[in-house]
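Residue-level structure breakdown
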Amino acid sequence: MAQGTVKITLGKLVILQEIDLELYEYKRELAEKPAQALTLKAAYEKKREHFTELEAKSKEIDLARKTKELDLKSKEQSIAHASTQLMTLKTNKEYQTKLFEIENLKADKSLLEEDVLRLMESSERILAEISKEKEFLLEEEKQYLAEKEKVDLELASVQEKITSVEARRREAVVGIDPATLSTYEQVVRNRGGLALVPLVGGACGGCFMHLPQQFVNRIKMFDQIVRCEMCARLLYIKEDL
Ligand SMILES: [Zn+2]
């Protein structure tokens with residue numbers, strides 16, 4: 001590469017590097033957005049868990065109450081039946097046995113009534129909790145949707161910026177020979193977006209390794225693009241461009 005060409009190429013690469021650092025930052029932001037959206041979603045869903053649990057519990061209580069009510073009905077029928085039988089009994093012993101049986105059925109019935117009452121109270125308590133939780137979740141949902149919209153807007157904005165920077169980049173690479181561009185781009189990928197660095201106080205501006213004087217001389221000669229031995233970044237001297 002001729003001296004003038006190397007100098008011009010380095011000048012173009014300096015501009016390209018600025019663009020690529022911008023692009024690198026935007027792409028990093030872009031990559032983070034889906035995770036941000038997922039975190040918001042997970043946090044909201046976590047808040048819904050309690051509500052789902054309450055609803056399941058409510059259903060469970062209702063089912064238990066219905067079962068107890070059926071038991072109660074059947075117990076009442078048994079009592080009515082036994083009472084009818086009582087009238088038909090001939091001996092005192094049969095009569096006493098039947099009375100005893102009825103007393104037992106009545107005791108069972110009384111327990112069932114208590115159970116039903118207790119379950120009705122539980123059901124009321126849980127319905128009140130569900131209603132409170134619904135209000136809470138409505139607020140939470142509003143907040144979640146607002147935050148999600150914000151992330152979506154940020155995402156769209158970053159995408160827009162990338163499109164615009166990429167357009168600038170297409171112009172910036174014009175005139176850079178393909179081999180140099182390919183080397184530069186490979187280093188961009190491998191070195192966190194930073195491929196072209198100035199010499200800072202005799203050290204590589206990327207990895208800060210001190211470079212021997214012969215390196216500095218080679219950079220100043222402009223007969224080729226010199227790369228850092230340590231980090232492989234392309235080097236230039238600010239004042240010389
Ligand atoms: Zn280096």
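Heads up: the structure comes first, above all this text.
Residues numbered from 1 in each chain as written. Predicted model: local features only at pLDDT ≥ 70, side-chain atom pairs only at ≥ 80, totals over all residues. Heavy atoms only, no water.

Some details on the overall build of the protein chain
Summing up its helical and strand segments, the protein chain has four helices and three strands in all. Mapped from its N terminus to its C terminus, the protein chain presents α and β elements in the order α-α-α-β-β-α-β. Expected size for 241 residues packed as a compact globule is a radius of gyration near 18 Å; at 41 Å, the protein chain overshoots this value by more than 25%. If you line up the protein chain on its principal axes, its C-alpha atoms span 130 × 30 × 30 Å. (Helix = DSSP H or I, 4+ residues; strand = E, 2+ residues; numbered from the N terminus. Rg over C-alpha atoms; globule rule 2.2 N^0.38 Å.)

Concerning the environment of Val174
In this fold, Val174 is placed in the loop between α2 (92-172) and α3 (178-190). Taking relative accessible area as the criterion, Val174 reaches 54% and is therefore assigned exposed. (Buried < 20%, exposed > 50% of the residue type's maximum accessible area, 1.4 Å probe, protein only.)

With respect to the coordination of the zinc ion
At this site the zinc ion is bound by Cys204 (SG), Cys207 (SG), Cys228 (SG) and Cys231 (SG), with donor distances of 2.2 to 2.3 Å. Mapping the donors of the zinc ion onto the primary sequence yields the spacing C-x2-C-x20-C-x2-C. Of this pair, Cys204 sits in strand β2 (residues 203-204) while Cys231 sits in the loop between α4 (213-221) and β3 (234-236), and the two are 27 residues apart along the sequence. For the pair formed by Cys204 and Cys231, the shared burial category is buried. (Donors = N, O, S within 2.8 Å, 3.2 Å for Na, K, Ca; no water.)

Digging into the side chain of Asp115
By secondary structure assignment, the location of Asp115 is in helix α2. Judged by its relative accessible area of 19%, Asp115 is buried. Reaching out from Asp115, the side chain makes a polar contact with the side chain of Lys68 at a distance of 3.2 Å. (Polar contact = N/O pair within 3.5 Å; in protein donor to acceptor, adjacent residues only side chain to side chain.)

Notes on the sheet that holds strand β1 (residues 196-200)
If you trace the three strands from one edge of the open sheet to the other, you get β2-β1-β3, paired in mixed fashion. The outermost strands of the open sheet, each flanked by one partner alone, are β2 and β3. With two bridges joining them, β1 and β2 adopt antiparallel strand pairing. Looking at β2, one finds that Val200 is bridged to Ala203. (Pairing = 2+ DSSP bridges.)

Brief notes about the nonpolar core
Counting 24 residues, the largest nonpolar core has Leu10, Leu13, Leu16, Tyr184, Leu196 and Leu234 as its most contacted members. Broken down by secondary-structure element, the contributors of at least two residues to this core are α1 (3-88), α2, α3 and β3. Among the elements that make up this core, the one with the highest residue count is α1 (eight residues). Residue contacts for Leu16: discarding those within four places in its chain leaves Arg169, Ala172, Val173, Ile176, Leu181 and Tyr184. (Core = buried A, V, L, I, M, F, W, Y, C linked by side-chain atoms within 4.5 Å. Contact = heavy atoms within 4.5 Å.)

Describing the pattern of salt bridges
All chains considered together, the criterion is met by 21 salt bridges. One salt bridge in this structure joins Arg65 and Glu69, with 3.1 Å as the shortest N-O distance. Here Arg65 pairs with Glu69, and both are found in helix α1, just four residues apart, close to one helical turn. Among the residues examined, Arg65 registers a relative accessible area of 19% and is labelled buried. Residue classification places Glu69 among the partly exposed residues on the basis of a relative accessible area of 29%. With its nearest N and O atoms 2.9 Å apart, the salt bridge here joins Asp240 to Lys220. Taken as a pair, Asp240 in the segment after β3 and Lys220 in helix α4 lie far apart in primary sequence, 20 residues in all. Exposure remark for Lys220: the relative accessible area of 41% places this residue in the partly exposed category. (Salt bridge = Lys/Arg side-chain N within 4 Å of Asp/Glu carboxyl O.)

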